[in-house]
Amino acid sequence: QRFVSSSLDGSIRAWNAQTGVPIPMAEMSHSNGASSAMFSPDGKTIASGGDDCILRLWDAQTGLLLKEMGGDTGGISSLAFSPDGRRVATGSTDSAVRLWDVSMGVQIGEAMEGHDEHVLVVTFSPDGELIASASYDSTIRLWHSQSGNAHGVPLRGHTGQVSSVAFSLDGACVASGGRDATIRLWDVQG
(Lines give C-alpha, C1' and ligand atoms only; values in the text may rest on other atoms or scores of the structure.)
Protein backbone atom coordinates (compact mmCIF):
# COMPACT_ATOMS: atom_id res chain seq x y z
CA GLN A 1 0.00 0.00 0.00
CA ARG A 2 1.30 3.43 -1.02
CA PHE A 3 0.16 7.03 -0.94
CA VAL A 4 1.55 10.20 -2.47
CA SER A 5 1.96 13.71 -1.07
CA SER A 6 2.66 17.15 -2.53
CA SER A 7 4.29 20.08 -0.79
CA LEU A 8 4.61 23.85 -0.99
CA ASP A 9 8.37 23.33 -1.44
CA GLY A 10 7.53 21.75 -4.83
CA SER A 11 8.34 18.16 -3.88
CA ILE A 12 6.24 15.07 -4.61
CA ARG A 13 6.86 11.94 -2.51
CA ALA A 14 5.48 8.41 -2.51
CA TRP A 15 5.19 6.73 0.89
CA ASN A 16 4.76 3.25 2.28
CA ALA A 17 1.32 3.42 3.92
CA GLN A 18 2.16 0.79 6.55
CA THR A 19 5.51 2.15 7.72
CA GLY A 20 5.18 5.85 6.83
CA VAL A 21 8.63 5.72 5.23
CA PRO A 22 9.29 7.44 1.89
CA ILE A 23 9.72 5.06 -1.05
CA PRO A 24 13.13 5.60 -2.66
CA MET A 25 12.83 6.87 -6.23
CA ALA A 26 14.06 9.66 -8.47
CA GLU A 27 13.24 13.18 -7.26
CA MET A 28 9.80 14.34 -8.37
CA SER A 29 9.20 18.08 -8.10
CA HIS A 30 7.72 21.31 -9.44
CA SER A 31 9.65 24.56 -9.69
CA ASN A 32 7.01 26.28 -7.53
CA GLY A 33 4.70 24.76 -4.94
CA ALA A 34 3.16 21.38 -5.75
CA SER A 35 -0.51 21.58 -4.86
CA SER A 36 -1.85 18.19 -5.89
CA ALA A 37 -0.66 14.65 -6.56
CA MET A 38 -2.46 11.37 -7.15
CA PHE A 39 -1.83 7.77 -8.20
CA SER A 40 -3.56 6.53 -11.35
CA PRO A 41 -6.24 3.88 -10.76
CA ASP A 42 -3.81 1.11 -11.81
CA GLY A 43 -1.07 2.51 -9.55
CA LYS A 44 1.48 2.76 -12.37
CA THR A 45 1.52 6.55 -12.78
CA ILE A 46 1.58 9.56 -10.49
CA ALA A 47 0.08 12.84 -11.73
CA SER A 48 1.10 16.10 -10.09
CA GLY A 49 0.32 19.76 -10.58
CA GLY A 50 1.38 23.01 -9.05
CA ASP A 51 1.91 26.73 -9.22
CA ASP A 52 4.22 26.33 -12.23
CA CYS A 53 1.06 25.60 -14.32
CA ILE A 54 2.41 22.23 -15.48
CA LEU A 55 0.73 18.85 -15.18
CA ARG A 56 3.41 16.18 -14.83
CA LEU A 57 3.11 12.41 -15.13
CA TRP A 58 5.67 10.25 -13.33
CA ASP A 59 6.50 6.54 -13.35
CA ALA A 60 5.19 5.35 -9.97
CA GLN A 61 7.94 2.73 -9.58
CA THR A 62 10.98 4.83 -10.45
CA GLY A 63 9.85 8.45 -10.09
CA LEU A 64 11.11 9.23 -13.60
CA LEU A 65 9.25 11.93 -15.52
CA LEU A 66 7.03 10.54 -18.28
CA LYS A 67 5.23 13.65 -19.63
CA GLU A 68 4.70 17.36 -19.06
CA MET A 69 1.53 19.15 -20.17
CA GLY A 70 0.34 22.74 -20.01
CA GLY A 71 2.54 25.56 -18.86
CA ASP A 72 0.52 28.43 -20.33
CA THR A 73 -2.56 28.16 -18.12
CA GLY A 74 -3.32 28.99 -14.51
CA GLY A 75 -1.59 27.24 -11.64
CA ILE A 76 -2.98 23.77 -11.04
CA SER A 77 -4.77 23.63 -7.70
CA SER A 78 -6.35 20.18 -8.00
CA LEU A 79 -6.42 17.13 -10.23
CA ALA A 80 -8.18 13.80 -10.63
CA PHE A 81 -7.74 10.73 -12.79
CA SER A 82 -10.74 9.37 -14.66
CA PRO A 83 -11.82 5.93 -13.40
CA ASP A 84 -10.20 4.26 -16.43
CA GLY A 85 -6.96 6.23 -15.93
CA ARG A 86 -6.93 7.55 -19.50
CA ARG A 87 -7.64 11.19 -18.65
CA VAL A 88 -6.77 13.70 -15.96
CA ALA A 89 -8.98 16.66 -15.03
CA THR A 90 -7.33 19.72 -13.52
CA GLY A 91 -8.74 22.70 -11.66
CA SER A 92 -6.81 25.94 -11.99
CA THR A 93 -6.24 29.31 -10.40
CA ASP A 94 -7.52 30.87 -13.65
CA SER A 95 -11.04 29.54 -12.78
CA ALA A 96 -11.02 26.84 -15.49
CA VAL A 97 -11.28 23.06 -15.56
CA ARG A 98 -9.21 21.26 -18.18
CA LEU A 99 -9.12 17.68 -19.40
CA TRP A 100 -5.90 15.96 -20.48
CA ASP A 101 -5.20 12.79 -22.47
CA VAL A 102 -2.68 10.71 -20.51
CA SER A 103 -1.29 8.66 -23.42
CA MET A 104 -1.01 11.56 -25.89
CA GLY A 105 0.04 14.18 -23.33
CA VAL A 106 -2.30 16.86 -24.71
CA GLN A 107 -5.29 18.87 -23.59
CA ILE A 108 -8.64 17.50 -24.74
CA GLY A 109 -10.96 20.18 -26.14
CA GLU A 110 -11.33 23.67 -24.75
CA ALA A 111 -11.11 24.69 -21.11
CA MET A 112 -14.38 24.32 -19.20
CA GLU A 113 -15.15 27.83 -18.02
CA GLY A 114 -17.89 29.07 -15.76
CA HIS A 115 -16.45 29.55 -12.29
CA ASP A 116 -15.75 33.13 -11.25
CA GLU A 117 -12.79 32.25 -9.07
CA HIS A 118 -10.05 29.68 -8.60
CA VAL A 119 -11.12 26.02 -8.79
CA LEU A 120 -10.18 24.18 -5.58
CA VAL A 121 -11.37 20.63 -6.31
CA VAL A 122 -12.15 18.42 -9.30
CA THR A 123 -13.42 14.83 -9.29
CA PHE A 124 -14.91 12.33 -11.73
CA SER A 125 -18.17 10.47 -11.29
CA PRO A 126 -17.74 6.69 -10.82
CA ASP A 127 -18.68 6.04 -14.48
CA GLY A 128 -16.34 8.80 -15.72
CA GLU A 129 -19.15 10.63 -17.54
CA LEU A 130 -19.26 13.73 -15.31
CA ILE A 131 -16.69 15.95 -13.66
CA ALA A 132 -17.60 17.98 -10.58
CA SER A 133 -15.63 21.13 -9.76
CA ALA A 134 -15.77 23.31 -6.66
CA SER A 135 -14.51 26.85 -6.31
CA TYR A 136 -13.79 29.87 -4.19
CA ASP A 137 -16.91 31.32 -5.84
CA SER A 138 -19.10 29.18 -3.52
CA THR A 139 -20.44 26.98 -6.35
CA ILE A 140 -20.15 23.43 -7.57
CA ARG A 141 -20.37 22.87 -11.31
CA LEU A 142 -20.89 19.67 -13.26
CA TRP A 143 -19.38 19.03 -16.68
CA HIS A 144 -19.83 16.31 -19.29
CA SER A 145 -16.40 14.73 -19.55
CA GLN A 146 -16.75 13.85 -23.25
CA SER A 147 -17.99 17.22 -24.57
CA GLY A 148 -16.84 19.63 -21.88
CA ASN A 149 -20.34 21.12 -21.79
CA ALA A 150 -21.98 22.14 -18.52
CA HIS A 151 -24.41 19.63 -16.99
CA GLY A 152 -27.31 21.55 -15.51
CA VAL A 153 -26.98 24.80 -13.62
CA PRO A 154 -24.35 25.73 -11.01
CA LEU A 155 -25.12 24.24 -7.60
CA ARG A 156 -25.52 27.17 -5.23
CA GLY A 157 -26.12 27.16 -1.49
CA HIS A 158 -22.76 27.48 0.22
CA THR A 159 -21.97 30.95 1.55
CA GLY A 160 -18.19 30.53 1.34
CA GLN A 161 -15.60 28.72 -0.74
CA VAL A 162 -16.33 25.07 -1.48
CA SER A 163 -13.29 23.02 -0.48
CA SER A 164 -14.43 19.43 -1.05
CA VAL A 165 -16.72 17.56 -3.40
CA ALA A 166 -17.37 13.83 -3.92
CA PHE A 167 -19.80 11.70 -5.92
CA SER A 168 -21.86 8.95 -4.31
CA LEU A 169 -20.90 5.42 -5.42
CA ASP A 170 -23.89 5.29 -7.78
CA GLY A 171 -23.10 8.77 -9.18
CA ALA A 172 -26.62 10.01 -8.41
CA CYS A 173 -25.60 12.72 -5.97
CA VAL A 174 -22.68 14.90 -4.95
CA ALA A 175 -21.66 15.83 -1.43
CA SER A 176 -19.85 19.12 -0.86
CA GLY A 177 -18.18 20.76 2.09
CA GLY A 178 -17.43 24.44 2.45
CA ARG A 179 -15.82 27.11 4.58
CA ASP A 180 -19.32 28.00 5.77
CA ALA A 181 -19.09 24.89 8.00
CA THR A 182 -21.83 23.05 6.10
CA ILE A 183 -22.01 19.81 4.18
CA ARG A 184 -24.58 19.66 1.40
CA LEU A 185 -26.00 16.91 -0.78
CA TRP A 186 -27.00 17.57 -4.39
CA ASP A 187 -29.05 15.51 -6.82
CA VAL A 188 -27.12 15.44 -10.10
CA GLN A 189 -29.51 13.32 -12.14
CA GLY A 190 -31.73 16.24 -13.25
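As a further point, take the overall build of the chain. Within the chain one finds zero helices and 18 strands. Over its C-alpha atoms, taken along the principal directions, the chain stretches across nearly 45 × 35 × 30 Å. Here the chain holds 190 residues, and the buried ones make up 51% of them. The long-range fraction of contacts in the chain, counting pairs at least 24 apart against all pairs at least 6 apart in sequence, stands at 36%. Taken as a whole, the chain presents about 9100 Å² of accessible surface, with 49% of it coming from carbon and sulfur.

Our next topic: the side chain of Thr45. As for its position among the elements, Thr45 is in strand β5 (residues 45-50). Here Thr45 falls in the buried class, since its relative accessible area comes to 14%. In contact with Thr45, other than residues within four places in its own chain, are Met38, Phe39, Ser40, Leu57, Trp58, Ala60, Leu66 and Phe81.

Take the layout of surface pockets next. Where empty space is left can be seen by rolling a probe of water-molecule size over the atoms. Estimated volume of the largest pocket: approximately 190 Å³. Lining the largest pocket are 15 residues, with Asp42, Thr45, Gly85, Arg86 and Val102 positioned closest to its centre. Its residues assigned to classes, the lining of the largest pocket shows five nonpolar, four polar and six charged.

It is worth spelling out the sheet that holds strand β15 (residues 155-156) at this point. Where strands meet in a sheet, backbone hydrogen bonds hold them as pairs that are either parallel or antiparallel. Across the sheet, four strands lie side by side as β12-β13-β14-β15; this open sheet has antiparallel pairing. Edge positions in the open sheet fall to β12 (119-124) and β15, since each of these has one partner strand only. Two strands pair when backbone bridges link them, and strand β13 (residues 130-135) and strand β14 (residues 139-144) are joined in this way by five bridges, in the antiparallel orientation. Paired with Ile131 across the two strands is Trp143, which belongs to β14.

The three strands lie next to each other as β1-β2-β3, forming an open sheet whose pairing is antiparallel. Each edge of the open sheet carries a strand with a single partner, namely β1 (2-6) and β3 (28-29). For strand β2 (residues 11-16) and β3, the ladder comprises two bridges, and the chain directions are antiparallel. Each bridged residue has a counterpart across the sheet, and for Ser11 the counterpart in β3 is Ser29.

With that settled, consider the environment of Thr62. Counting through the fold element by element, Thr62 comes out in the loop between β6 (54-59) and β7 (65-70). For the pair Thr62 and Leu120, spaced 58 residues apart in the sequence, the C-alpha separation amounts to 29 Å. Those residues in contact with Thr62 that sit more than four places away from it in its chain are Met25 and Ala26. A polar contact of 3.1 Å, which involves the side chain of Thr62, links it to the backbone nitrogen of Leu64.

Moving on, we get to the nonpolar core. Counting residues in each nonpolar core, the largest one holds 14 residues, and the members touching the most others are Ala134, Ile140, Leu142, Val165, Phe167 and Val174. Among all residues touching Val174, those that are not within four sequence positions of it are Leu142, Val165, Ala166, Phe167, Arg184, Leu185, Trp186 and Val188.

Rules used throughout
Residues numbered from 1 in each chain as written. Predicted model: local features only at pLDDT ≥ 70, side-chain atom pairs only at ≥ 80, totals over all residues. Heavy atoms only, no water. Helix = DSSP H or I, 4+ residues; strand = E, 2+ residues; numbered from the N terminus. Buried < 20%, exposed > 50% of the residue type's maximum accessible area, 1.4 Å probe, protein only. Contact = heavy atoms within 4.5 Å. Areas by Shrake-Rupley, 256 points an atom, 1.4 Å probe, with all protein chains shown as cover. 1 Å grid on protein atoms, 1.4 Å probe; cavity = no way out; pocket = protein on both sides within 12 Å on 5 of 7 lines; lining within 4 Å. Points joined across faces, edges and corners; volume = space filled by probe spheres on them. Nonpolar A, V, L, I, M, F, W, Y, C, P; charged D, E, K, R; others polar. Pairing = 2+ DSSP bridges. Polar contact = N/O pair within 3.5 Å; in protein donor to acceptor, adjacent residues only side chain to side chain. Core = buried A, V, L, I, M, F, W, Y, C linked by side-chain atoms within 4.5 Å.

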